[in-house]
Amino acid sequence: MKMSSLVMQAVTGSAPAVDLHVYKKRTQFGEVWRRFRRSKGAIVGLIIIALMLFCALFANFLFDYNTEVIEPNYDEALETPSAKHWFGTDEFGRDVFARVVFGARLSLYIGLTSTTSALIFGVLIGAFSGYIGGRFDSIVMRVVDVFLALPSILLALTIVAALGPNINNLILAISIANIPYFARIFRAEVLAIKDKEFIEASRALGANRNTIIFREILPNCLSPIIVQASIIMALAVIVSAEFSFLGLGVQPPTPEWGCMVAGARKFLLSSPYLTIFPGVAIMLTVLAFNLVGDALRDATDPRLKH
Amino acid sequence: MRRKRICVMALALLVCLTLSLAGCSGGNDSDAQTDGVSIIAANDYDITSFDPHKSNDIASSTALRAVYDTLIYANEQLQFEPGLAESWEYTDDNTLRIKIAEGVKFHNGTPLTTEDVKFSIERQQKSGFVGDIVSSIESIEIVDDLTLDLKVTDASAGVIAGLAHAGAAILSKEHVEGLEAEGKSIDDDPVGTGPFIYESWTVGTEYTVKKNPDYFDENRAAKADRVTVRAMPEYNSQVVALQNGEIDISIFMSANNLTEIEADPSLTVVRYETTEETFAAFNCSKAPFDNVKLRQALNYTINRDNIIQVYMAGTGMPNYGVIGPSAVGYTGDVTKYEYDLDKAKALLAEAGYPDGLSFNLAVCTDYYAPAATVWQADLKKIGVDMTIEVMEVGAYYDMTGSAEHEVALSGWYGEPDPSTTFNPCFNSELIGKGGNNFACFKSDEIDSLLEQALIEKDMAKRLEFYYEISRIATENAVYAPMTSAEGFIILRDNISGVTPDLQGIIRLNGWTKS
């Protein structure tokens, strides 16, 4: 009901100047964007992500890492939020706002790198497995099944415990734990499309396997992968915070949101703001990626076009 | 629909966040079946076992001392008093004659005999947790029902201290053998002679003991009718539980919550010195820390005031020795390295590192991370780049146990007898074994002092040997000593009689509630 009235409005709004009989070409991206921005949540999510990205990219210009983020300043320890220290200071006298801003850099870095690498490997595995099929497909998918049978957090925990706690191992662990999900989704897409006429046509034109996979199949199967990526991104931010909270990720004095929450937990009664600010930062980031992912899924679903 | 789901999700996230932060605790049926005085205490972790031979931690010691007795009793000042043993004396260099008290009965009614004592000690010797404490006892000869002779390899004071350890609790032979024959363990039905009778234990949650009305020693008889000790790992929730009366006592409180507690008129803080010391230990067995100048240089970078402020919320005290100041065998007469970055820099250059160096600090759990972070910032000022690696306990001891660490940061608690305090940390035979010889420092002088101290019977002379070890260790700067912690017990204002011993072990028998 609501949806159709919106469409009506859009149509009548643009009616006077345009001849309705002229075919207006829209790119696929334009179409998705048009549908995407209808969701208020998606816009809120995008704004939050833009804000976090801004913090991450320009953290260096906002604060000096050495003097403001990691160097202790014992005279100003445990101050409540004020004009000088927006989010207060921790037990070392370090500015919590500066640390939260730098934390955005780390969280997004961990999230982006782990999601991207999981995506690349997952898509490659899914594409070849789905396209080649047969025994190769069965073997690869059974291996993927083994990984899927383990809860991804447990798998990541095992990897970090075995390799030792630091940022690179954390990224490695999160990406390995998420590769099976991408592989599964992409393989399903490939299976659905690989016998379509346009693939056959390109095969008839003499395209080899790699050309077909990368030039024909990949561009046509991207949307579910992008949706999945935004969800995994949210998950990666949470997992990196969780692992750092448990002391399995980022090591002090590096500002990481989960690390900050863990360190501030003992001041929960006396200085609750120490846990609230990094906690809210984690929550907002995860929420933003979920909102965007949700809206993207709807926007790319052709069945929900109008 | 979708929007609603997102709202719900956001709400759920918020709730999860608050809940996980608040660390809420359930189970509020505290006053269910009370007859007489019932006291509920909280500890930060649960006990390991009611079997004295299957644990060796402070929480379990408290429970064991409630249900069982030892032959010899170490009081709060860690002085030895008669326990189940009425008297003890060395009849010759290798024979300790013990007379046990008459008329002592186990909780199930059977009388205590020397058979039970022999059985308990022999069972303890097979234990991986506490077996080494009585390893110097070669054989046990029963003279009569109330007298027995312990044949020992060396007649040191360490034997007496060992018999006062909670691991040397006396079990009922008949009862334990009966349980084991049925394929059960002591945890199914712990029976001792102690001031309290076991009532229940929910693993990971809480245990309850009730008063033993027929306890043999009036002075140490239980005052409360029933005591429950609950495991509450989150200190914040312990404070909240204290404030709303859900618990009466917090056995082990973090210094970070003292401000809130002191502001509450219904709560009292009992402060006590502990035998603990927090220190960083250099691995002297391999480069670069086999260089004494380098170790001394880094010793001058320990800013104890800042460590106390950040790591212990302003409580505790600076320490320069190798064990806590209230531990037996402590001496303050050691080489002291006061915070002095200029000296540190000069020594660093002398040691061959004018441009600084970088190394890795293994930290035993995030409890010690604040102390490590303070040190890291000070090291940075003289060009030393230290990375911190926070490890969980098992991984940490694996590392120190194989002497693979560069520098390791953790704490060490003194024992009633200095031999068990010093030997694990300084005996060169234990380098790379067990993980407590953190400094891996090989010194024939220390080894010979340890040996002499072990066989010396005169306590004053023994202590001199241990003082000398402290002096050699600090002279060689094998540790970077930091601080010693204070302990905090929090009581609601109607509770009294809670006093810890110097090791921080608390006995339940004196507790009363008005």
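Model, not experiment: these values are computed from the prediction.

## A look at the sheet that holds strand E10 (residues 226-231) of chain B
All names here are of chain B. Across the sheet, which stays open at both edges, the seven strands sit in the order E8-E9-E10-E1-E11-E19-E12 with mixed pairing between neighbours. The open sheet has two edge strands with one neighbour each: strand E8 (196-202) and strand E12 (267-273). Here E12 pairs with strand E19 (residues 486-492) via seven bridges, running antiparallel. Residue Val270 lies in a different strand from E19, and its bridge partner there is Ile489. Along the sheet, helix H2 (residues 58-67) makes contact with strand E1 (38-43), E8 and strand E9 (206-211), crossing E9 at roughly 25°.

## Details of the nonpolar core
Counting residues in each nonpolar core, the largest one holds 72 residues, and the members touching the most others are B:Leu298, B:Phe359, B:Trp375, B:Leu409, B:Phe426 and B:Tyr479. With six residues, the top contributor of residues to this core is helix H11 (residues 369-381) of chain B. Setting aside residues up to four positions removed in sequence, B:Leu409 forms contacts with B:Thr278, B:Phe279, B:Ala280, B:Leu361, B:Ala362, B:Val363, B:Cys364, B:Tyr368, B:Ala371, B:Ala372, B:Tyr396 and B:Met482. In this structure, A:Ile48, A:Ile49, A:Met52 and A:Leu274 belong to the second largest nonpolar core, which totals 41 residues.

## Looking at the side chain of B:Thr274
Topologically, B:Thr274 is positioned in the loop between E12 and strand E13 (276-282). Those residues in contact with B:Thr274, other than ones at most four positions away along the chain, are B:Ser326, B:Tyr413, B:Ala485, B:Glu486, B:Gly487 and B:Leu502.

## Considering the interface of chain B and chain A
The interface is formed by 32 residues belonging to chain B together with 30 residues belonging to chain A. Between chain B and chain A, roughly 2,900 Å² of surface is buried when both sides are summed, and carbon and sulfur atoms account for 61% of that area. A salt bridge links A:Arg265 to B:Glu234, with the shortest nitrogen-to-oxygen separation between them at 3.7 Å. Our count for the contact surface shared by chain B and chain A stands at four residue pairs in polar contact (both at pLDDT 80 or more).

## Some remarks on helix H7 (residues 152-163) of chain A
All names here are of chain A. The first and last C-alpha atoms of H7 sit 16 Å apart over twelve residues, in line with the 16 Å expected at 1.5 Å per residue. Restricting attention to buried positions, one finds in H7 the residues Ser152, Leu155, Ala156, Ile159 and Val160. Summarising the axial view, the buried residues of H7 lie within an arc of 130°, below the 170-degree limit, and thus occupy one face. More than 90 degrees from the buried face of H7, the exposed residues found are Ala161 and Ala162. Summarising the contacts, the buried residues of H7 are in contact with helix H6 (134-149), helix H8 (167-193) and helix H11 (222-245). Backbone geometry just after H7 places Gly164 at a positive phi near 100°.

## Observations concerning the environment of A:Pro165
Considering the arrangement of structural elements, one finds A:Pro165 in the loop between H7 and H8. We classify A:Pro165 as buried; its relative accessible area is 15%. Sequence separation between A:Pro165 and A:Val261 is 96 residues, and the spatial gap between their C-alpha atoms is 18 Å. When neighbours within four sequence positions are excluded, A:Pro165 is seen to be in contact with A:Val160, A:Gly247, A:Leu248, A:Gly249, A:Gln251, B:Glu389 and B:Val390.

## Section: the pattern of salt bridges
Pairing between side chains of opposite charge can happen when the charged atoms of each approach one another. Residue and element names in this part refer to chain B. For the structure on display, the rule yields 30 salt bridges over all chains. Between Asp417 and Arg462 there is a salt bridge, with the nearest N and O atoms lying 3.0 Å from each other. In this pair, Asp417 sits in the loop between strand E17 (407-413) and helix H13 (418-426) while Arg462 sits in helix H15 (residues 459-475), placing the two residues 45 residues apart along the sequence. By relative accessible area, which is 0% here, Arg462 ends up buried.

## Considering a nonpolar patch on the surface
Residues and elements named next belong to chain A. Among the surface-exposed residues, Leu53, Phe54, Leu57, Phe58, Phe61 and Leu62 lie close enough to one another that they form a single nonpolar patch of about 620 Å² accessible area. On the secondary structure map, Leu53 appears in helix H3 (residues 40-62). Assessed through its relative accessible area of 36%, Leu53 is described here as partly exposed.

## Comments concerning the domain arrangement of chain B
Residues and elements named next belong to chain B. Here the domain parsing of chain B yields domain 1 (36-66 + 194-272 + 492-514), domain 2 (69-193) and domain 3 (276-484). The gap between the C-alpha centroids of domain 2 and domain 3 is 35 Å. Taken together, the nine residues of domain 2 in the interface contact nine residues of domain 3. Across the contact surface, domain 2 and domain 3 share zero salt bridges. One can count zero residue pairs in polar contact (both at pLDDT 80 or more) joining domain 2 with domain 3. The residue inventory of the side of domain 2 that touches domain 3, partitioned by class, reads four nonpolar, three polar and two charged.

## Remarks on the sheet that holds E13(B)
Residues and elements named next belong to chain B. Ordered in space as E14-E18-E13-E17-E15-E16, the six strands form an open sheet in which the pairing is mixed. Of all strands in the sheet, those bounded by a partner on one side alone are strand E14 (317-318) and strand E16 (385-391). By the bridge criterion, seven bridges tie E13 to E17 in an arrangement that is antiparallel. The residue bridging Phe279 from the neighbouring strand is Ser410, located in E17. The strands touched by helix H9 (residues 304-311) are E13, E14 and strand E18 (479-484); relative to E18, the strand with the most contacts, the crossing angle is about 50°.

## A short note on the packing of helix H3 (residues 114-125) of chain B against helix H5 (residues 173-181) of chain B
All names here are of chain B. For the pair H3 and H5, interaxial distance at closest approach is 9 Å and the crossing angle is 50°. Here H3 is positioned oblique relative to H5, judged by the angle of their axes. Seen from H3, the contacting residues are Glu115, Asp116, Phe119 and Arg123; seen from H5, they are Lys173, Glu174, Val176, Glu177 and Glu180. In terms of residue class, the contact of H3 with H5 is built from two nonpolar, no polar and seven charged.

## Quick look at the pairing of E17(B)
All names here are of chain B. Most of E17 sits out of view: six of its seven residues are buried. Strand direction decides the pairing type here: strand E15 (residues 358-364) and E17, joined by three bridges, are parallel. Bridging across to E17, Ala362 finds its partner in Ala408.

## Side note on the state of the cysteines
With the rule as written, the count across this model stands at zero disulfides over all chains. Summary of cysteine pairing: A:Cys55 is not part of a disulfide, and the nearest cysteine sulfur, belonging to A:Cys259, is at 19 Å. With no disulfide of its own, B:Cys440 lies 7.4 Å from the sulfur of B:Cys284, the closest cysteine sulfur.

## Some remarks on the pairing of strand E4 (residues 85-92) of chain B
All names here are of chain B. Bridging between E4 and strand E5 (residues 95-100) involves six bridges; their strand directions are antiparallel. Note on E5: the bridge partner recorded for Tyr90 is Leu96. As consecutive antiparallel partners, E4 and E5 are separated by two residues.

Reading guide: rules and limits
- Along each chain, the written sequence defines residue order, and numbers are assigned to residues from 1.
- To read the labels, note that chains go from A and ligands from 1, taken in the order they are written.
- The model is predicted, so local features are restricted to residues of pLDDT at least 70 and side-chain atom pairs to those at 80 or more, both for listing and for counting; the totals for chains, interfaces and linings are taken over all residues.
- To get the side-chain values, all heavy atoms of the structure are used, and hydrogens and water are removed first.
- Only strands that DSSP links by at least two bridges are regarded as paired with each other.
- Here a helix means four or more residues in a row that DSSP labels H or I, a strand means two or more in a row labelled E, and each is numbered from the N terminus.
- Residues count as neighbours in contact if any of their non-hydrogen atoms are within 4.5 Å of one another.
- With axes taken as lines fitted to C-alpha atoms, and helix axes fitted only over the stretch in contact, angles between N-to-C directions fall between 0 and 180 degrees.
- Here, nonpolar core means buried Ala, Val, Leu, Ile, Met, Phe, Trp, Tyr and Cys residues that are tied together by side-chain atoms lying within 4.5 Å of each other.
- Partly exposed describes any residue whose relative accessible area lies between the buried limit of under 20% and the exposed limit of over 50%, with all areas from a 1.4 Å probe on protein chains only and scaled to the type maximum.
- The term buried area means the drop in 1.4 Å probe accessible area that two parts suffer when joined, counted for both and summed.
- Salt-bridge detection follows one rule: a side-chain nitrogen of Lys or Arg within 4 Å of a carboxyl oxygen of Asp or Glu.
- Any pair of N or O atoms that falls within 3.5 Å is considered a polar contact. Within protein, one atom must be able to donate a hydrogen and the other to accept it, and sequence-neighbouring residues count only if both atoms are side-chain atoms.
- Expected span of a helix, by definition, is 1.5 Å for each gap between consecutive residues, and there is one gap fewer than residues.
- The arc under discussion is defined with respect to the helix axis, by the directions toward the C-beta atoms.
- Only residues whose relative accessible area exceeds 30% and that form no salt bridge are eligible for patches; like-charged ones are grouped when within 9 Å, while nonpolar side chains (Val, Leu, Ile, Met, Phe, Trp, Tyr) are grouped when within 5 Å.
- Computed with the Shrake-Rupley method and a 1.4 Å probe, the accessible areas treat only the protein chains shown as cover for residues.
- By convention here, the domain bounds are inherited from an automatic or database domain assignment.
- The nonpolar class holds Ala, Val, Leu, Ile, Met, Phe, Trp, Tyr, Cys and Pro. Asp, Glu, Lys and Arg form the charged class, and all remaining residues, Gly among them, are polar.
- For classification, angles of less than 35 degrees are called roughly parallel, those exceeding 145 degrees roughly antiparallel, those between 65 and 115 degrees roughly perpendicular, and all remaining angles oblique.
- Note that a disulfide, as used here, is simply two cysteine sulfur atoms within 2.5 Å.

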